[in-house]
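Residue strings, one per chain:
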Amino acid sequence: MIRAPFSFEPTRRDLLKGIGASAAAAVIGGAAPAAAQTNPYDGLKGEELELLIWDGGAFVDNMMASVQQKWTSVGGGTLKFRKVPFGDLDRAVRSANQGGPGPDVFLANAPNVITYKKLGLIEPVTDMFSKDDLEDFFPTVRLGSEIDGEFYGPSTNENGQALYYDRKLTDRYGLKLPETLADAWKWDEWLRVFTEIQAAERKRRGNDQFFALYPNMGNTGLFFSGIYPRGAGEKGSNAWKMVSDDGLKSTGYLNSTEALQGLQLIQDIHHKHGIAPVSTQKDMFYNDQVAFFCGVPLYLAPIKKARPDIDLATAPVPYLKTPIIHTGSFAWLVNRQTARMGDAKLFVKFMGSPEGNDIVARGWTSPPIRKSMVAARPEFQTKPMSLFIDSITEWSVPRPKVPGFSELDTMWIRLEADIVSGGNVKALADDAARRIDAQLRRYA
C-alpha cells in the first residue's frame, strides 16, 4: 500500500466510514460542519483571473462555467480563459510570461509540476492547505505536487486503471475472474485466459478480428503502457523507478534487465501471443471487438451508451512482479509572476476544496481528489467502480517525477511505437535511454 508521509492510508471500506466522510459530504452539499464555519476565503478581492487551460471543447467549457458560478458564490471574480490544445499545453505554460503578463493560474499536466518548479514558473500554495487537507488528498495528489517541502497545487481528479469486460462473455466460458486487489492475477495467469477466450470467440463468431485485449485505452504515453517496465521490477528497483533519483539518467533504469522484460511483454502481446491489435482503433471495445479494455472511470458512460445491454464488470490490471498503476490528471498551479497573487492562490485553494473539486471530478465522471469525498459518490462505493478507488489507494504511484517528464513521455511514445512495430527490444530501449539522457541532462 502506498502511504503518504506521517499518515495512514485507509482502504476504501475505511473511507466510507467515520465523521470525515460525512463532514466532506456536508460541505459539498452546502452545510459546512461547525469546525469549518470560519470563511476559508477571507481576503478574497474578487479580482478577474485569467486561466490557461486545455481546450477540451464544450465539455470543458460547460464544466468551467459551473466552476465560475460556484467561485462567484464564495466571492470570486470573473474567470477568463486562454485555451490551447493539449499537445501545446506544456509549451504554452513554459512561454506564458514571455512578451507580457501571463495568466494568473495554469491548468497543467500534473507530471510537469516538478518541471515548472525547476524553471521557476510557479508559486507554492502550501499556506493554503492545512495538514488535514494534505492528508485527506489521495496519495498521488499530494506526492505529485510536493517538492522540497512545498505543495504546489491539487489535481483536478483521480483516475485509477482497471480492465473493463462484459460478464456475459466470461460467463459463457465459465470464467471466474478476480474483482478485488487481494485476488489480482499476474500476467501468466491472465495470458492463459486471454489466449483461451480469444480463440473460443473467434471460432464462435467466425471472425479472426476479435481480440482478447485492448491494453492501453488506445492512447500511447507513460500513463498506461509505462506500467509494464515499472511493474516488472520490485518496488524501489531501477526498473520500478524508470529514471534515476536525480532525474538526470534513464540508462540502467529504462533499459535494466527487469524493465526489458516489461518492454518485451508490450511487443509479445501484439506479436508472439497476438492477443492485442497492432492498429489503434479506439472504438473496438465499444463495438464488441475486444474482450478486455484497460481504461479509467471516465469511460464508464461511453461504454454503457455504446453497449446498453453490457453486464459491465472490472478486474485488477495484470502485473508482472509489482502491482502498479499511474494516476493523476491535470493540476491547478499559480503563476509566480501573477499580479493577483492573493486571489490566484485562493482560487487554487478553492479548486482543492470539496466544494470546488466536486464540480470538476463529477464533470470528468472520475473519483475526487480527497479520500473523504468518496462517501458522496455512491457510484464509487459498489462494483464495478469501487475497484478504481481501491487501486488509487493501494496501487497508485505518480508517473516518474522528473523535471524532463515531457521529453521523457515524448520519447516513450516513440519507443512504444517502435516496440509494437516489432523491432529488437533491447536495441530500441538502449537507443531510447541514450536519447532520453541527453534531454534530461538539460535540467542538471
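These figures come from a predicted structure and were not determined experimentally.

Description of the sheet that holds strand S7 (residues 162-166)
Piece 1. Here four strands make up an open sheet; going across it, the order is S8-S9-S7-S10 and the pairing mixed. Every interior strand has two partners, whereas the edge strands, strand S8 (211-214) and strand S10 (312-315), have only one. Across the sheet, the mean angle separating the axes of adjacent strands is 25° when strand polarity is ignored.
Piece 2. Note that S7 and S10 share four bridges and pair antiparallel.

Notes on the sheet that holds strand S12 (residues 330-335)
Piece 1. Reading across the sheet, the five strands line up as S2-S1-S3-S12-S4 and stay open at both edges, with mixed pairing between neighbours. A strand with exactly one partner marks an edge of an open sheet, and here the two such strands are strand S2 (79-84) and strand S4 (122-123).
Piece 2. Across six bridges, strand S1 (residues 49-54) lies against S2 in parallel orientation. From the neighbouring strand, Leu51 faces S2, where its bridge partner is Phe81.

Here's the deal with the pattern of salt bridges
Piece 1. In this structure the tally under the stated criterion is 32 salt bridges.
Piece 2. Ionic pairing is found between Asp288 and Arg205, a salt bridge with its closest N-O pair at 3.3 Å. A residue pair is termed long-range when its members are at least 10 positions apart, and Asp288 in the loop between helix H13 (257-270) and strand S9 (290-295) and Arg205 in helix H9 (residues 187-205) qualify at 83 residues.
Piece 3. On the accessibility criterion, Asp288 (29% relative accessible area) is partly exposed.
Piece 4. In this structure Arg205 comes out as partly exposed when scored by relative accessible area, which is 29%.
Piece 5. For the salt bridge of Asp430 with Lys426, the shortest nitrogen-to-oxygen distance reads 2.8 Å. In this pair, Asp430 and Lys426 both sit in helix H19 (residues 425-440), four residues apart, roughly one turn of the helix.
Piece 6. The class of Asp430 is partly exposed, set by a relative accessible area of 28%.
Piece 7. The network of salt bridges with common partners includes Asp166, Arg172, Glu201, Arg204, Arg205, Asp288 and Arg307.

Focus on the side chain of Glu179
Piece 1. Along the chain, Glu179 falls in the loop between helix H8 (167-172) and H9.
Piece 2. The exposure class of Glu179 is buried, given its relative accessible area of 15%.
Piece 3. A distance of 2.5 Å separates polar atoms of two side chains, one belonging to Glu179 and the other to Arg167.
Piece 4. Among the polar contacts listed, one links the side chain of Glu179 to the side chain of Lys383, at a separation of 3.1 Å.

With respect to helix H4 (residues 86-94)
Piece 1. Residues of H4 that are buried include every one of Leu89, Asp90, Ala92 and Val93, and no others. The buried side chains of H4 occupy one side of the element, clustering within an arc of 165° when seen end-on. The outward face of H4, more than 90 degrees from its buried face, is lined by the exposed residues Gly87 and Arg91.
Piece 2. Contacts from the buried residues of H4 go to S1, S2, strand S3 (105-109), helix H5 (113-118), S12 and helix H18 (405-421).

The rules behind the values
- Position labels on residues start from 1 in each chain and follow its written sequence.
- In keeping with the model being predicted, local features are shown solely for residues with a pLDDT of at least 70 and side-chain atom pairs are shown and tallied solely at 80 or more, while totals for entire chains, interfaces and linings include all residues.
- Here the side-chain values reflect all heavy atoms present in the structure, with hydrogen atoms and water set aside.
- Pairing between two strands requires that DSSP report at least two bridges joining them.
- Secondary structure elements are taken from DSSP: a helix is a run of H or I of four residues or more, a strand is a run of E of two residues or more, and numbering for both begins at the N terminus.
- In this analysis an axis means a line fitted to C-alpha atoms, helices contributing only their contacting stretch, and an angle means the value between N-to-C directions, from 0 to 180 degrees.
- Any carboxyl oxygen of Asp or Glu that lies within 4 Å of a side-chain nitrogen of Lys or Arg is treated as forming a salt bridge with it.
- We call a residue buried when its accessible area falls under 20% of the maximum for its residue type, exposed when it is over 50%, and partly exposed in between, using a 1.4 Å probe and counting protein chains only.
- By the criterion applied in these results, polar contacts are pairs of N or O atoms within 3.5 Å in which, for protein atoms, one can donate a hydrogen and the other can accept it, and in which residues neighboring in sequence qualify only through two side-chain atoms.
- To be clear, the arc concerns the directions from the helix axis to the C-beta atoms.
- Note on contacts: a residue pair qualifies if any of its non-hydrogen atoms lie within 4.5 Å across the two residues.

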